[in-house]
Amino acid sequence: MHFQWYPGHMTKAKRQMQEDIKLIDLIIELVDARIPLSSRNPDIDELGRQKARLILMNKADLASEEQSKKWSDYFQKQGYFVVKLDARAKTGMKAISAVILEACKEKIERDKKRGIKNRPVRAMVVGIPNVGKSTFINTYAGKACTKTGNKPGVTKGKQWIRLNKNVELLDTPGILWPKFEDQRVGLYLALIGSIKDEILNIDELSLELIQILKENYTGILKKRYEVTEEQTPANILEQIAQNRNCVKKGNELDYSKAAALVIDEFRSGRLGKITLEFPEK
Ligand code: G4P
């Protein structure tokens with residue numbers, strides 16, 4: 001699903017989130033592990049002040065394990081609880097339940113002191129489009145959970161998904177916009193496929209990707225496409241077109257076809273586990 005954000009959308013989304021946040025104890029923020037900062041919303045920290053915070057680094061199956069570890073440390077140092085995740089896989093979900101309780105420990109203790117027993121922790125999932133919010137809710141909540149409807153007498157309320165005896169999840173995720181005014185962020189979002197390809201120049205995009213790979217993942221391009229990495233991205237793309245037989249009518253090299261191939265192989269993980277931004281840079 002692709003989104004076009006307008007100021008009106010953003011105001012509405014923000015207002016909705018301000019309302020929803022009042023109802024919960026914990027914000028579960030999904031980010032894309034390949035671009036952990038660029039896939040965050042600039043306002044979430046302000047909106048989520050005073051709430052327990054959990055960052056799920058999703059699509060970790062596509063990201064560099066070494067970099068994911070660094071990003072995890074980076075966020076933990078800032079006070080977030082962090083879990084790396086592949087939201088499509090059922091594994092790792094138990095660990096999340098434990099971390100949720102850990103993140104909400106203070107609230108649970110407070111409840112206990114006040115004599116409130118067994119009140120479940122309430123959480124909501126937030127994130128920019130395409131980070132895997134729906135996938136996560138479906139996988140985590142599964143079929144076993146029960147939806148708890150509105151309380152009698154309350155006409156307009158929220159749907160909660162009861163995950164287990166300790167946790168309830170708001171059934172609709174909060175959708176936030178990325179920092180799209182930042183060009184670098186726009187580039188990263190385009191590379192992971194969160195911006196419509198029709199509005200992008202795939203050739204340029206592939207050159208940017210080749211540059212990032214050349215600088216940070218020595219050997220990947222050589223191994224996959226049998227190219228010499230010590231040349232300009234444009235020359236590398238040319239060599240890829242040759243080696244992969246990307247030709248147009250008249251035997252002319254088809255750069256766009258080669259560009260699309262590289263982008264596609266990156267997005268699907270066939271190029272390897274690649275993180276595009278780095279915490280120390
Ligand atoms: P959203 O609600 O945040 O907008 O995201 P959504 O769950 O719709 O997920 C967006 C895409 O990302 C989906 O792929 C989904 O399968 C994929 N996805 C979600 N979590 C993960 C993950 O941890 N790893 C990987 N590799 N992919 C993940 P799609 O192409 O839109 O659909 P489909 O291929 O599943 O049919």
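Residue indices follow the written sequence of each chain, beginning from 1 at its first position. Only residues with pLDDT of at least 70 get local features here, since the model is predicted, and only at 80 or more are side-chain atom pairs given and counted; chain-wide, interface and lining totals rely on the full set of residues. Side-chain calculation: all heavy atoms of the structure are included, whereas hydrogens and water are not.

A. Quick peek at the side chain of Gln-239. Segments assigned H or I by DSSP are reported as helices when at least four residues long, segments assigned E as strands when at least two residues long, and all are numbered from the N terminus. The topology assignment puts Gln-239 in helix H10 (residues 233-243). Take Gln-239: its relative accessible area is 19%, and that puts it in the buried class. Polar contacts, as used here, are pairs of N or O atoms within 3.5 Å; protein pairs need one atom able to donate a hydrogen and one able to accept it. Residues neighboring in sequence count only if both atoms are side-chain atoms. Here Gln-231 takes part through its side chain, which lies 2.5 Å from a polar atom of the side chain of Gln-239. Two residues form a contact once any of their heavy atoms are found within 4.5 Å. Beyond its immediate stretch of four places on either side in the chain, Gln-239 contacts Glu-226, Val-227, Thr-228 and Gln-231. Summary of the burial criterion: residues with accessible area below 20% of their type's maximum are buried, those above 50% are exposed, and those between are partly exposed, where the area comes from a 1.4 Å probe applied to protein chains only.

B. Main features of the packing of helix H7 (residues 183-192) against helix H11 (residues 255-267). Axis definition: a line fit to C-alpha positions, over the contact stretch in the case of helices; interaxial angles, taken between N-to-C directions, run 0 to 180 degrees. At a minimum axis distance of 8 Å, the contact between H7 and H11 shows a crossing angle of 85°. Judged by the angle between their axes, H7 and H11 are roughly perpendicular. In this structure, H7 contributes Ala-190, Leu-191 and Ile-192 to the contact, and H11 contributes Ile-263, Phe-266 and Arg-267. Any residue that is not Ala, Val, Leu, Ile, Met, Phe, Trp, Tyr, Cys, Pro, Asp, Glu, Lys or Arg is counted as polar, Gly included; the first ten are nonpolar and the last four charged. When grouped by side-chain class, the residues that make up the contact of H7 with H11 number five nonpolar, no polar and one charged. Working rule for angles: under 35 degrees goes down as roughly parallel, over 145 as roughly antiparallel, 65 to 115 as roughly perpendicular, anything else as oblique.

C. Structural context of H11. To estimate the expected span of a helix, count its residues, drop one, and scale the result by 1.5 Å. Between its terminal C-alpha atoms H11 stretches 18 Å, which fits the 18 Å expected from 13 residues at 1.5 Å a residue. Taken together, the buried positions of H11 are occupied by Ala-258, Ala-259, Val-262, Ile-263, Glu-265 and Phe-266. Down the axis of H11, the sector holding all buried residues measures 165°, keeping them to one side. Here H11 starts with a cap whose side-chain oxygen sits 3.3 Å from the backbone nitrogen of Ser-256, and that cap is Asp-254. The first or second residue beyond H11 is Gly-269, which carries a positive phi of 90°. Here the arc refers to the set of directions running from the helix axis out to each C-beta atom.

D. Fine view of the packing of aromatic side chains. For this analysis, a ring pair means two rings from Phe, Tyr or Trp (six-membered ring only for Trp) whose centres lie within 6.5 Å, classed as stacked if their planes differ by under 30 degrees, edge-to-face if by over 60, and tilted for the remaining angles. Under the defined criterion, the tally for this structure stands at six aromatic pairs. Ring geometry for Phe-136 versus Tyr-140: centroids 5.2 Å apart, planes at 15°, classification stacked. Of this pair, Phe-136 and Tyr-140 are both found in helix H6 (residues 133-141), four residues apart, which corresponds to roughly one turn of the helix. Relative accessible area serves as the criterion here: at 11%, Tyr-140 is assigned to the buried category. In this structure an aromatic cluster arises from ring pairing among Trp-71, Tyr-74, Phe-75 and Tyr-80. In this scheme, the term charge over a ring applies when either NZ of a lysine or CZ of an arginine sits within 6 Å of the ring centre and within 35 degrees of the ring normal. Geometry around Trp-160 places Arg-122 over its ring, the cationic atom sitting 3.9 Å from the centre.

E. Spatial organisation of the pattern of salt bridges. Any carboxyl oxygen of Asp or Glu within 4 Å of a side-chain nitrogen of Lys or Arg constitutes a salt bridge here. Going through the model one piece at a time under the given rule, you end up with 22 salt bridges. For Lys-22, the salt bridge is made with Glu-19, and the minimal N-O distance between the two is 3.1 Å. Looking at Lys-22, the relative accessible area reads 60%, which means it is exposed. On the accessibility criterion, Glu-19 (42% relative accessible area) is partly exposed. One salt bridge connects Lys-69 with Asp-73, and the closest N-O pair in it is separated by 3.2 Å. With Lys-69 and Asp-73 both in helix H3 (residues 65-77), this residue pair falls four residues apart, about one helical turn. A residue is classified by how much of its surface remains accessible, and Asp-73, at 29% relative accessible area, is partly exposed. Among the charged side chains, a salt-bridge network with shared partners connects Glu-29, Arg-40, Asp-45 and Arg-53.

F. Representation of the site of the ligand. Near the ligand, the surroundings consist of 16 residues, among which Asp-61, Asn-130, Lys-133, Ser-134 and Thr-135 are the closest. The separation between an oxygen atom of the ligand and a polar side-chain atom of Thr-135 is 2.6 Å. When the ligand is considered free in solution it has 710 Å² of accessible area, and contact with the protein chains removes 63% of it. Whether a residue is near a molecule or strand is decided by its heavy atoms; if any one of them lies within 4 Å of it, the residue is near. Each accessible area value is a Shrake-Rupley result obtained with a 1.4 Å probe; residue values ignore everything except the protein chains displayed when judging cover.

G. Representation of unusual backbone geometry in the model. Non-glycine residue Gln-50 carries a positive phi angle of around 75°. Tracing the backbone through its elements, the reader meets Gln-50 in the loop between helix H2 (44-47) and strand S2 (52-58).

H. Here's a closer look at the nonpolar core. Nonpolar cores are built from buried Ala, Val, Leu, Ile, Met, Phe, Trp, Tyr and Cys residues. Side-chain atoms within 4.5 Å join them into one set. Grouped together as the largest cluster of nonpolar side chains are 62 residues, with contacts concentrated most on Ile-28, Ile-96, Phe-136 and Leu-276. Ranked by residues supplied to this core, first place goes to H7 with seven residues. In this structure Phe-136 touches Ile-28, Leu-30, Leu-56, Leu-85, Ala-87, Met-93, Ile-96, Val-125 and Ala-141, once residues within four positions along its chain are discounted. Counting 15 residues, the second-largest nonpolar core is a separate cluster that includes Ala-13, Leu-47, Met-124 and Trp-177.

I. Quick look at helix H4 (residues 93-103). All of the buried residues along H4 are Met-93, Ile-96, Ser-97, Val-99, Ile-100 and Ala-103. The buried residues of H4 occupy one face: seen down the axis, they fall within an arc of 165°.

J. Molecular detail of the packing of helix H8 (residues 202-216) against H11. Two elements in contact, H8 and H11, have axes separated by 8 Å at closest approach and are oriented at 55°. It follows from the interaxial angle that H8 and H11 lie oblique. Here H8 and H11 pass one another in a crossing that is left-handed. Every residue of H11 that contacts H8 at Ile-202, Asp-203, Leu-205, Ser-206 and Leu-209 is listed here: Ser-256, Ala-259, Ala-260, Val-262, Ile-263, Phe-266 and Arg-267. Looking at the contact of H8 with H11 residue by residue, the classes come out as eight nonpolar, two polar and two charged. Crossings are classed by handedness, with left-handed meaning an anticlockwise turn of the near helix from the far one by less than a right angle and right-handed meaning a clockwise turn.

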